[in-house]
Amino acid sequence: EAEIRKAYRRLALKWHPDKNPDNPQATAEFQRISAAYEVLSDESRRDLYDRTGCMDQDELDEGGFDHAADIFASFFGGAGCVDLDAEEQAMLDEFL
């Protein structure tokens, strides 16, 4: 967990909208990083994601496997996911 927290802090500082006022993508990236951290830092939510690919019970009830898979695939890769582009791969390398 310390490793996840350290990676989150590093990425959150890098992509924080206040530090990137001229980058319109910063807010979206910061939100994606925060959403991933919320799941990874909560053991029960991480277990749900590992079992189903959904970030929470509401998403599971809606059958929304694609959204969670897209978010986590950009960080961690995964079976059945599209290849990462260079920017996503760089973010993944930095996160890990």
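Our structure's up above, just so we're on the same page.
Asks: Tell me about the overall build of the protein chain, residues and numbers included.
Replies: Tallying secondary structure elements over the protein chain gives 6 helices and 0 strands in all. The helix and strand sequence of the protein chain, counted from the amino end, reads α-α-α-α-α-α. Here the protein chain holds 96 residues, and 32% of them are scored as buried. For the protein chain, contacts bridging at least 24 residues in sequence account for 37% of all contacts bridging at least 6. Of the accessible surface of the protein chain, which amounts to about 6,200 Å², a share of 48% is contributed by carbon and sulfur atoms.

Asks: Which residues make up the packing of aromatic side chains, and what values go with them?
Replies: Remark: the centre distance and the inter-plane angle together describe each pair of aromatic rings, the angle taken between the planes. Across all of its chains, the model carries 1 aromatic pair by this definition. Considering the side-chain rings of Tyr8 and Tyr37, the 4.2 Å spacing of their centres and the 15 degrees angle between planes classify their relative orientation as stacked. Separated by 29 residues along the polypeptide, Tyr8 in helix α1 (residues 2-15) and Tyr37 in helix α2 (residues 25-40) bring together distant segments of the chain. With a relative accessible area of 18%, Tyr8 lands in the buried category. Relative accessible area serves as the criterion here: at 18%, Tyr37 is assigned to the buried category.

Asks: Outline the nonpolar core, listing residues and values.
Replies: One finds Tyr8, Leu11, Ala12, Trp15, Ala26, Phe30, Ile33 and Tyr37 forming the largest nonpolar core, which totals 8 residues. The contacts of Phe30, once residues within four sequence positions are left out, are Ala12, Trp15, His16 and Pro17.

Asks: With reference to specific residues and values, describe the pattern of salt bridges.
Replies: Taken as a whole and assessed by the stated rule, the structure comprises 1 salt bridge. Between Arg45 and Glu38 there is a salt bridge, with the nearest N and O atoms lying 3.6 Å from each other. Taking relative accessible area as the criterion, Arg45 reaches 22% and is therefore assigned partly exposed. On the basis of relative accessibility, which here comes to 46%, the residue Glu38 falls in the partly exposed class.

Asks: Quick rundown of the packing of α2 against helix α3 (residues 43-52)? Include the residues and the values.
Replies: Where α2 contacts α3, the axes come no closer than 6 Å and their chain directions differ by 100 degrees. One element, α2, and the other, α3, form an angle in the roughly perpendicular class. In this structure, α2 uses Glu38, Val39 and Leu40 to contact α3, whose residues at the interface are Arg45, Arg46 and Tyr49. Here the residues of the contact of α2 with α3 sort into 3 nonpolar, no polar and 3 charged.

Procedures and definitions
Residues numbered from 1 in each chain as written. Predicted model: local features only at pLDDT ≥ 70, side-chain atom pairs only at ≥ 80, totals over all residues. Heavy atoms only, no water. Helix = DSSP H or I, 4+ residues; strand = E, 2+ residues; numbered from the N terminus. Buried < 20%, exposed > 50% of the residue type's maximum accessible area, 1.4 Å probe, protein only. Contact = heavy atoms within 4.5 Å. Areas by Shrake-Rupley, 256 points an atom, 1.4 Å probe, with all protein chains shown as cover. Phe/Tyr/Trp six-rings, centres within 6.5 Å; stacked < 30°, edge-to-face > 60°. Core = buried A, V, L, I, M, F, W, Y, C linked by side-chain atoms within 4.5 Å. Salt bridge = Lys/Arg side-chain N within 4 Å of Asp/Glu carboxyl O. Axes fitted to C-alpha atoms, helices over the stretch in contact; angles between N-to-C directions. Parallel < 35°, antiparallel > 145°, perpendicular 65-115°, else oblique. Nonpolar A, V, L, I, M, F, W, Y, C, P; charged D, E, K, R; others polar.

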